[in-house]
Amino acid sequence: DARDAVGRSAMVYAASDGQIVSLRVLLKRRASVHVADRDGHTPLMYAALFDRPAAIGVLHEAGARLDDLNVRGQSALYITMIRRHTASAKILLHRGARLADKNTSANDMLALAIRAGDVSLTDTIIRRGGNVRELERQKGISLVWLTPPTVNVELLRLLVRHGMDVNH
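Residues numbered from 1 in each chain as written. Predicted model: local features only at pLDDT ≥ 70, side-chain atom pairs only at ≥ 80, totals over all residues. Heavy atoms only, no water.

**Student:** Go over the overall build of the protein chain, please, and point to the residues and values.
**Tutor:** The helix and strand inventory of the protein chain stands at ten helices and zero strands. Once the C-alpha set of the protein chain is aligned to its principal axes, its extents read approximately 60 × 25 × 25 Å. For the protein chain, buried positions account for 46% of its 168 residues. Counting contacts in the protein chain only where the partners sit at least 6 residues apart, residues at least 24 apart contribute 65% of the total. If you sum the accessible surface of the protein chain, you get close to 8,700 Å²; carbon and sulfur atoms cover 49% of it. (Helix = DSSP H or I, 4+ residues; strand = E, 2+ residues; numbered from the N terminus. Buried < 20%, exposed > 50% of the residue type's maximum accessible area, 1.4 Å probe, protein only. Contact = heavy atoms within 4.5 Å. Areas by Shrake-Rupley, 256 points an atom, 1.4 Å probe, with all protein chains shown as cover.)

**Student:** Let's hear about helix H9 (residues 132-139): which residues, and what values?
**Tutor:** Buried within H9 we find Val-132, Leu-135 and Glu-136. Seen from one end, H9 has its buried residues packed into an arc of 100°, which puts them on one side. For H9, the exposed residues lying more than 90 degrees away from the buried face are Arg-133 and Arg-137. Put simply, Asn-131 is the residue that caps the front of H9, since its side-chain oxygen is 3.0 Å from the backbone nitrogen of Arg-133. (Arc of directions from axis to C-beta. Polar contact = N/O pair within 3.5 Å; in protein donor to acceptor, adjacent residues only side chain to side chain.)

**Student:** Help me get a handle on the packing of helix H7 (residues 106-116) against H9, residues and values and all.
**Tutor:** For the pair H7 and H9, the least separation of the axes is 10 Å and the interaxial angle reads 90°. Taken together, the axes of H7 and H9 are roughly perpendicular relative to one another. Residue-level contacts link Asn-107, Leu-110, Ala-111 and Ile-114 of H7 to Val-132, Glu-134, Leu-135, Gln-138 and Lys-139 of H9. Within the contact of H7 with H9, the residues separate by chemical class into five nonpolar, two polar and two charged. (Axes fitted to C-alpha atoms, helices over the stretch in contact; angles between N-to-C directions. Parallel < 35°, antiparallel > 145°, perpendicular 65-115°, else oblique. Nonpolar A, V, L, I, M, F, W, Y, C, P; charged D, E, K, R; others polar.)

**Student:** Could you give me a rundown of the environment of Val-35, with the residues and numbers involved?
**Tutor:** Here Val-35 is to be found in the loop between helix H2 (20-28) and helix H3 (43-49). Distance from Val-35 to Ala-64, taken between C-alpha atoms, is 9.9 Å for residues 29 residues apart in sequence. Residues in contact with Val-35, not counting those within four places in the same chain, are Asp-1, Arg-3, Ser-9, Val-12, His-41, Thr-42 and Pro-43.

Following this line, the structure appears as structure tokens:
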């Protein structure tokens, strides 16, 4: 659990690189999954930051908390969503990460999923509490404006099914 000058442990570096074997060796030697750097980033957050879904799984199985927040109040899920790392976001959600925390709402996550253009991720967030109509009201624009430039027709169909106003 020793840290370098910026507070990063060997677990952080292994998680960042997706080094599953190294993570397992460190865990076997009782390295902590909770040691955070100076900014409050845990190994799980680094796995999220660098889109390492397998590392997220190993760390969570070893007891890493999915909903810890860094000093900016960001969770691992928020980090994956803002960076459009959909595979990592899906595994975090599948394992039970909360959509909302003190700084982020389910609708914030829904907007990020729409921007990523991922239909299954958007659907998961809607099923877990994201509200298409409310998000459209909050943004004051059609959610079509949030979709990526290469619009996915299935994504639009999903949004319409859940109440998007096509005339907004």
